[in-house]
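Secondary and tertiary structure notes
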Amino acid sequence: MDPEALAAKLPPGFLLGVSTSAYQIEGGAEERGPAGWDRFAADPGVILDGSNALVAADHYHRMPEDVALMKNLGVDAYRFSISWPRVQPGGQGPASEKGLAFYDRLLDELLAAGIRPMATLFHWDTPLEIDDAGGWTNRDTAYRFADYVRLVGEAFGDRVADWVTVNEPATLALEGYTLDVHSPGTALWVAGARAAHHLLLGHGLAVRALREVPVTGRIGISNAHSPVFPATRSWRDRFAARNFDILSNRVFADPVLLGKRPPGLVGLLVRLAALPRWGDTKIMAEPVDFYGVQYYFPSRVAAGPPKLTHGTHDGHSKAMLTLPLRLEPWPEYPVTGFGWPASPDLLPVLLGQFADRYGDRMPPIIFTEGGASYPDRPQPDGTVDDQHRIEYLAGHLRAASTPVPGVEVEGYFVWSFLDNFEWAAGYTQKFGLISVDRETQERRPKASYDWYRDVLSARPAPGS
Ligand code: BGC
């Protein structure tokens with residue numbers, strides 16, 4: 001879509017940004033404590049291309065160059081994450097001065113460039129020592145996390161505009177603890193249930209810690225959400241879809257937004273398996289100032305075990321083959337490199353569900369991630385003409401900024417600024433607006449970067 005036409009449709013003040021995460025771009029691994037993901041990725045056969053994130057996009061050493069590219073792009077805001085093992089190696093004790101100094105420089109660069117900082121406090125890079133003590137299955141991790149959050153809040157509480165406590169607890173609980181696709185690589189649904197509970201508890205404790213500091217910025221959480229549809233009208237598929245919807249959407253949103261456990265038998269089982277304590281729900285429901293939604297694709301669910309061809313959204317494992325339900329393809333939509341259906345027209349369905357389920361308890365929504373991977377191949381001159389990504393982003397930006405009754409959407413952050421370490425997929429899937437040469441680390445803006453820059457600059461000046 002033509003950038004001017006899209007820019008003209010955006011509501012005034014609609015926040016546009018880019019998003020990344022520490023573990024996926026920073027590298028600089030020898031200058032931080034070890035993360036559970038370092039060990040997980042070192043296990044042969046676990047990462048699709050046998051790679052790891054020890055160097056990644058070397059953002060740790062190239063940050064000023066990256067912020068300059070961001071300034072040239074013209075975004076309003078940048079969502080990055082702070083690495084727990086960099087700021088507090090080992091997951092306990094005082095903050096590392098060196099670790100904090102990196103984010104201090106990053107914040108200075110961003111503010112000097114006029115870019116609004118949104119900091120995520122946990123984007124899956126659990127310190128290795130914490131994983132050794134049971135990771136998020138251990139209740140103590142939630143309290144350790146809150147201690148770390150307090151250190152970060154005390155250091156940067158006057159400069160971060162928006163705080164995200166935890167990134168996509170659903171993905172970590174499901175892919176990391178239940179399905180053995182992500183670190184720490186367990187395949188126990190009880191572990192998944194406990195991790196889900198403690199991640200939400202950690203979120204609530206982090207909100208309290210930030211408010212106690214106190215920080216000046218707004219506080220929220222980012223959850224993955226997908227509208228769920230049954231593959232057929234059969235009662236089995238409808239039953240499977242309802243349960244999948246509860247598991248992937250409501251287990252994570254209902255406690256935060258309603259202070260209630262999710263509905264149905266699945267909600268009850270997940271809750272009981274987590275061994276909750278009196279008062280946990282109240283902590284999870286600490287009021288948030290905004291709610292981060294990460295919508296990549298819708299889910300069409302059928303009853304019955306997956307076949308080898310059915311992965312979760314970013315990987316395969318033996319554990320998956322034991323599930324009683326599977327995700328079915330959407331032949332009516334084009335698919336991204338991950339095989340995800342590109343379906344902006346279903347984004348309003350998701351927004352409508354928020355309005356129905358959470359009513360006036362729903363805080364303003366920010367799409368803290370959204371984007372598409374493709375196996376981009378640079379032309380001989382090094383340029384990448386990623387028209388599919390432009391189409392994906394245009395459709396989703398338009399859908400996200402079109403009003404839906406009952407919800408307020410404040411903005412959209414493109415995932416991702418740079419090509420990065422895409423977890424179990426290694427470097428095989430590219431989400432960036434900028435390609436990164438794996439050998440030389442050279443950054444090359446893609447056609448989508450130019451397109452986004454044109455959208456950003458075509459917006460009317462505030463107040464005009
Ligand atoms: C995660 C990112 C990831 C992206 C694309 C989200 O689930 O927050 O870390 O790279 O999806 O897979």
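Everything discussed here concerns the structure shown above.
Residues numbered from 1 in each chain as written. Predicted model: local features only at pLDDT ≥ 70, side-chain atom pairs only at ≥ 80, totals over all residues. Heavy atoms only, no water.

With that settled, the discussion passes to helix α11 (residues 235-257). In α11, a bend of some 55 degrees at Arg 250 exceeds every other bend along the element. Burial analysis of α11 places 17 of its 23 residues in the buried class, which makes it a mostly covered element. (Bend = angle between axes of the 7 residues up to and from the residue. Helix = DSSP H or I, 4+ residues; strand = E, 2+ residues; numbered from the N terminus. Buried < 20%, exposed > 50% of the residue type's maximum accessible area, 1.4 Å probe, protein only.)

On to the sheet that holds strand β3 (residues 116-122). Judged by pairing direction, the barrel is parallel, and its eight strands sit side by side in the order β1-β2-β3-β4-β5-β7-β10-β11 before closing back on the first. Within this sheet the neighbouring strands show an average axis-to-axis angle of 25 degrees, counted without direction. For strand β1 (residues 15-19) and strand β11 (residues 409-415), the ladder comprises five bridges, and the chain directions are parallel. From the neighbouring strand, Gly 17 faces β11, where its bridge partner is Phe 413. (Pairing = 2+ DSSP bridges. Axes fitted to C-alpha atoms, helices over the stretch in contact; angles between N-to-C directions.)

Glancing now at the sheet that holds strand β8 (residues 299-303). Backbone-to-backbone hydrogen bonds join strands into a sheet, with any given pair of strands oriented parallel or antiparallel. An order of β6-β8-β9 is seen for the three strands of this open sheet, with the pairing classed as mixed. Edge strands, defined here as strands with exactly one partner in the open sheet, are β6 (228-230) and β9 (325-327). Between one strand axis and the next, the sheet turns through 35 degrees on average, direction left out of account. Sheet topology note: the β6/β8 ladder contains three bridges and is parallel. Bridge pairing links Val 228 to Ser 299 in β8. Across the sheet, α11 lies against β6, β8 and β9, angled at about 130 degrees from β8, the strand it touches most. (Contact = heavy atoms within 4.5 Å.)

The environment of the ligand is formed by 13 residues, the closest being Gln 24, His 123, Glu 168, Glu 422 and Trp 423. Asn 167 places a side-chain nitrogen or oxygen 2.9 Å from an oxygen atom of the ligand. In the environment of the ligand, an oxygen atom lies 2.5 Å from a nitrogen or oxygen atom belonging to the side chain of Glu 422. When the free accessible area of the ligand is taken as 310 Å², the share hidden by the protein chains comes to 99%. Looking at side-chain class alone, the shell around the ligand contains six nonpolar, four polar and three charged residues. (Near = heavy atom within 4 Å. Polar contact = N/O pair within 3.5 Å; in protein donor to acceptor, adjacent residues only side chain to side chain. Areas by Shrake-Rupley, 256 points an atom, 1.4 Å probe, with all protein chains shown as cover. Nonpolar A, V, L, I, M, F, W, Y, C, P; charged D, E, K, R; others polar.)

Under the definition given, this model contains 32 aromatic pairs. Ring centres of Phe 102 and Tyr 103 lie 4.9 Å apart, and the angle between their planes is 75 degrees; this geometry places the pair in the edge-to-face category. The burial state of Phe 102 is the same as that of Tyr 103; both residues are buried. Each ring, one from Trp 124 and one from Trp 423, has its centre 4.8 Å from the other, and the planes form 45 degrees; the classification is tilted. Residue Trp 124 is found in the loop between β3 and α7 (128-132), and its partner Trp 423 is found in the loop between β11 and β12 (434-436); the two are separated by 299 residues along the sequence. Judged by relative accessible area, which is 6%, Trp 124 ranks as buried. By way of ring pairs, the aromatic residues Tyr 23, Trp 37, Phe 40, Trp 124, Phe 421, Trp 423 and Tyr 427 are connected into one cluster. The aromatic ring of Tyr 60 is capped on one face by Arg 86, whose charged end is 4.0 Å from the ring centroid. Above the face of the Phe 102 ring, Arg 86 is positioned so that its terminal group lies 6.0 Å from the ring centre. (Phe/Tyr/Trp six-rings, centres within 6.5 Å; stacked < 30°, edge-to-face > 60°. Lys NZ or Arg CZ within 6 Å of the ring centre and 35° of its normal.)

In this structure, Val 18, Phe 145, Trp 163, Phe 354, Phe 367 and Tyr 452 are the most contacted members of the largest nonpolar core, which totals 137 residues. Examining the composition of this core, we find that twelve residues originate from one element, helix α10 (residues 189-212), more than from any other. With residues near it in sequence (within four places) discarded, Phe 354 still touches His 225, Tyr 291, Val 293, Gly 359, Met 362, Ile 365 and Val 407. (Core = buried A, V, L, I, M, F, W, Y, C linked by side-chain atoms within 4.5 Å.)

Most of β3 sits inside the fold, with six of its seven residues counted as buried. Summarising the sheet, β3 and strand β4 (residues 162-167) pair through four bridges and their orientation is parallel. Paired with Phe 122 across the bridge in β4 is Val 166.

Relative to the helices and strands, Ser 51 is located in the loop between α3 (36-42) and α4 (59-73). Residue Ser 51 is classed as buried on the basis of its relative accessible area of 11%. Within polar-contact distance, the side chain of Ser 51 engages the side chain of Asp 49 at 2.6 Å. Excluding residues within four positions of it along the chain, Ser 51 makes contact with Ala 41, Phe 421, Gly 426 and Tyr 427.

The element β4 is extensively covered by neighbouring structure, given that six of its six residues are classed as buried. By the bridge criterion, four bridges tie β4 to strand β5 (residues 218-224) in an arrangement that is parallel. Pairing of Asp 162 across the sheet is with Arg 218, part of β5.

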